[in-house]
Amino acid sequence: MRVIVVGAGVIGLTSAVRLAEAGYDVGVFARDLPLETTSSVAAAIWYPFLSAPADRVAGWARTTYAELVELARDESSVQLRRGREYLTQSTPLPAWADVLSDFERVGAPPQGFKDGWAFTTPVVEMPLYLQYLVKRLEAAGGSLTRSALSALPNTADVVVNCAGLGARLTAGDPTVTPVRGQVLTVEQFGLTDWLLADQSPTDLTYVVPRSKDVVIGGTSQPDSWDLAVRPDTAQAILDRAAVHIPQLKQARILKHRVGLRPARPAVRCESVRVGDQTVVHCYGHGGSGVTLSWGCADEVLALVKNA
């Protein structure tokens, strides 16, 4: 069976890998190649963020966690790292905490915070990981082609729509909206643990170490299509993070980037009939693309099998 996957971010590529390795003839078509996508900007810590509904998200996240932990044994772009999250209010344990073997509350959070927890989680170095997924897709016989959305081929038995923010066009869905995220990277200086310490819904604070750099973020600005780097925002991000990790102030800045998260009131993962063709939609993952990727890919595979 011929399957076309639209979109080459982490959701599209992961779904395509699952399908190709299950024996389907898979072609990925995308306007933006993997390193040009929002996925490539992500700090990419396994952590459900800006996604719903809670029950399905927790299930997809658990599946993905298990897959990433297994990948970390052999794939260098996936590392297990311990870190802390500080919270401004006392908070019940999240629904997905049961998958974490070393999850524990923080005894004395810093000033300005009332609660917190620590745990080990996969950290995914996206520029390398996306290339790993492409190689895995091609090894299974799949292909990746740049294509304008208006020029997509229509000869497949099934189309899997993983266009992210592009689903506003591919699915005619105006409920998919951008949430702007700005980050910067600095040279790695020996940092091993990640940190989350948000004090505002729109001005985030996170620090995620990778092999050769450290990602510092960020922002969560709804309904913003602005892809320009704002120097004042970058300075504010760095200042917030340096309160917790002062060494960041001395680290050499490598790059500034902006990505638009594809937010939606709920992730859409379902199969519909369009004429004689089956379309499987899988988009609207907000800030949880990596976190939900393998769980959603398994569901996409099941929907295609039922087509």
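Draft legend 1. Summary view of the nonpolar core. The biggest cluster of nonpolar side chains holds 65 residues, and the ones touching the most others in it are Val5, Leu19, Leu68, Tyr129, Val160 and Val304. Among all residues touching Val304, those that are not within four sequence positions of it are Met1, Val3, Leu19, Tyr24, Val158, Val160 and Val280. Among the nonpolar cores identified, the runner-up in size contains 18 residues, and Tyr86, Phe113, Leu184 and Leu195 belong to it.

Draft legend 2. Inspection of the sheet that holds strand 2 (residues 25-30) at higher detail. Across the sheet, which stays open at both edges, the six strands sit in the order 6-2-1-7-15-14 with mixed pairing between neighbours. A strand with exactly one partner marks an edge of an open sheet, and here the two such strands are strand 6 (143-146) and strand 14 (268-274). Between one strand axis and the next, the sheet turns by 20° as a mean value, whatever way the strands run. Taken together, the four bridges between strand 1 (residues 2-6) and strand 7 (residues 158-161) define a ladder with parallel strand orientation. Across the sheet, the residue bridging to Ile4 is Val159, located in strand 7.

Draft legend 3. Examining the pattern of salt bridges more closely. Within the structure shown, the criterion is met by 18 salt bridges. The salt bridge partner of Arg146 is Glu36, with a shortest N-O separation of 2.9 Å. Of this pair, Arg146 sits in strand 6 while Glu36 is found in the loop between strand 2 and helix 2 (54-71), placing the two residues 110 residues apart along the sequence. Among the ionic pairs, Arg230 bridges to Asp226, the shortest N-O distance being 3.0 Å. On the basis of relative accessibility, which here comes to 26%, the residue Asp226 falls in the partly exposed class. Counted as one network, the salt bridges with shared partners bring together Arg18, Glu67 and Asp298.

Parameters at a glance
- Residues numbered from 1 in each chain as written.
- Predicted model: local features only at pLDDT ≥ 70, side-chain atom pairs only at ≥ 80, totals over all residues.
- Heavy atoms only, no water.
- Core = buried A, V, L, I, M, F, W, Y, C linked by side-chain atoms within 4.5 Å.
- Buried < 20%, exposed > 50% of the residue type's maximum accessible area, 1.4 Å probe, protein only.
- Contact = heavy atoms within 4.5 Å.
- Pairing = 2+ DSSP bridges.
- Helix = DSSP H or I, 4+ residues; strand = E, 2+ residues; numbered from the N terminus.
- Axes fitted to C-alpha atoms, helices over the stretch in contact; angles between N-to-C directions.
- Salt bridge = Lys/Arg side-chain N within 4 Å of Asp/Glu carboxyl O.

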